[in-house]
Amino acid sequence: MYILGINAVFHESAACLLENGKILASAEEERFNRIKHGKPANLDNPDELPWQAIQYCLDSAGVELKQIGHIGYSFNPRIKSNPLFTEEYKDDEDLLEKTLLHIPEKLKEIGFQGEFHWVNHHTAHAASAYYVSPFQDAAILVVDGTAESSSTSFFSAKNNQLKLLQEILYPASLGALWELFSVFLGFDGYDAAKVMGLAAYGNPNRYAEHFKQIVRMVPNGQFEMDNELLHVETIEYYPPSGYFQGLEELFSIKNREPGQAFTPAHQDIAASLQAITDDIVLDMTQHLYQLVQSDNLCLAGGVALNCVSNTVAFEKGPFTHLFVQPAAHDGGTALGSAFYIWNHVLGNEPREQMTHAYLGPSFTDSDMDNILQKHQLIYKRTDNIEKEVAQLISENNIVGFFQGRMELGPRALGNRSLLADPRHPNMREIFNLKVKHREYFRPLAPSVLHEEANNWFTITKETSAAEFMLMAYPVKPSMKEKIPAVVHVDGTSRVQRVKKEANPRYHQLISEFYRISGVPIVLNTSFNDSEPIVCTPQDAINTFLATEIDYLAMGNFLVSKADNR
Ligand SMILES: [Fe+2]
């Protein structure tokens, strides 16, 4: 039995295909169509389905749409928005509903004969974490921008059944708050990760009282937001809407325009936002622990990509075990919808654990050979790419590492990565010169051998979330000076722990680097410049040729920039 999950509402369009409860494939549309986030987050386009991602899923199983038994779409037009909020947005809601409602018919027209399911958006998020976690019972917290009506949902799960316990209605929304402040600070609405990086430079106390005016924690894990002042619904993803009167008065500064210098005030606002988010997420997990008799916590929703809040909520909170869906953003709801149908709706017992995120396309050596030849590149085939790349990294080269199946989710985890030496104090400047232009405050991440991680980082509670670059750990003081390129200004790192069984080639590469350098860590950042992370060999070659990346290690082939100028 094949089940296809689709996300296409707003953004991060994605598809996922299950066969009898096993994940065959899952990927985000942006990697194929090369448009960041797949498409604009508009109300009139939730029927723009991720056709290329869907086709990739079908091809990977060698099936056609008519063989799919069930399709789940991770949004439910039958749920109405928060009535206190939507009166003046009724036309918008009608448009969204109208556009959604013809999707089942559209799928039928092109051959789908199975059963179509609307899956509540947060249920899809919750399912994306719980059904692939190692837990039989769990408490699940979903925190994102907005769903049909809520921004935050508390679930319990037992015996393969999910139960919604409590919600916080939009426009009170941590996700929306981060989008709003991203724009206020001169980024675009998708740049929460930049704000998170900037936060480490600031003083979280300076604007703590200001933030208490905007966001109030109230009993039972709830929070309220001053929407008279914030107007979160007016925020546009690109570019800044300029509608910040309330915030400008509150903070006594103008919003930062893109390109303007960063001041201490910008850093302090980011730091205070991070601090209040940490407090709220911790408070919500504590409340959830009271509601649900379980030691197991699952997190999903875009806010669960915040490594700092995840670490605070888990390490300071009451839960013993944590699983975070690596595609915690909306891209993961395709997978969640499919599992919700398989386990919850159809009542199937077997469960698959997600021990890695390598669910996207892969390419054969002959695919790569052909395309390298087509570009008339000088390259060589090697029997030990891991060892050669480790040596090149240790000689201060930046290497594009393109291997195996592409990762699901926003983090490159060693298959579509740019790798470098973490010991080099000026690596950020070298990256900025050669490849991508990352602001001074954006951390570069370490990939560490799983078995060595505790020697380098202070990890209070073990969690697989660290395998997906979703936790921020303090670097041990004695180790900081050995890996300056991957230590953030606050002394932490956004770690990826690499298990041999999850990615043998990447583990081998880091092991080789360990032998050469005495450091079981490489610097890992995503293989792209400003476009979506590379998907195909063609994308990898495009980025390699358009930048000053020193080497491209693609499958067993090694290409040097110096040979191909
Ligand atoms: Fe979402």
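Residues numbered from 1 in each chain as written. Predicted model: local features only at pLDDT ≥ 70, side-chain atom pairs only at ≥ 80, totals over all residues. Heavy atoms only, no water.

## Focus on the coordination of the iron ion
Part 1: In this structure, His 121 (NE2), His 125 (NE2), Asp 144 (OD) and Asp 330 (OD) serve as the protein donors to the iron ion, at separations of 2.0 to 2.2 Å.
Part 2: The coordination sphere of the iron ion comprises 4 donor atoms, whose angles at the metal cover 90 to 155°; the geometry is irregular.
Part 3: The sequence motif formed by the donor residues of the iron ion is H-x3-H-x18-D-x185-D. Here His 121, found in helix α6 (residues 121-130), pairs with Asp 330, found in the loop between β12 (321-324) and α14 (333-345); they are 209 residues apart in sequence, far enough to count as distant. (Donors = N, O, S within 2.8 Å, 3.2 Å for Na, K, Ca; no water. Tetrahedral: all angles 85-135°; square planar, octahedral: opposite > 155°, others 65-115°. Helix = DSSP H or I, 4+ residues; strand = E, 2+ residues; numbered from the N terminus.)

## Here we look at the pattern of salt bridges
Part 1: In this structure the tally under the stated criterion is 21 salt bridges.
Part 2: Its salt-bridge partner being Glu 224, residue Arg 216 comes within 3.8 Å of it at the nearest N-O pair.
Part 3: For Arg 216, a relative accessible area of 35% corresponds to the partly exposed category.
Part 4: The class for Glu 224 is partly exposed, based on a relative accessible area of 38%.
Part 5: The partner of Glu 548 in a salt bridge is Arg 565, and the shortest N-O contact between them spans 3.1 Å. Taken as a pair, Glu 548 in the loop between α20 (537-546) and β20 (551-554) and Arg 565 in the segment after β21 (557-560) lie far apart in primary sequence, 17 residues in all.
Part 6: The class for Glu 548 is partly exposed, based on a relative accessible area of 35%.
Part 7: Given a relative accessible area of 69%, Arg 565 falls into the exposed group. (Salt bridge = Lys/Arg side-chain N within 4 Å of Asp/Glu carboxyl O. Buried < 20%, exposed > 50% of the residue type's maximum accessible area, 1.4 Å probe, protein only.)

Function cannot be inferred from these measures alone, as they are strictly geometric.
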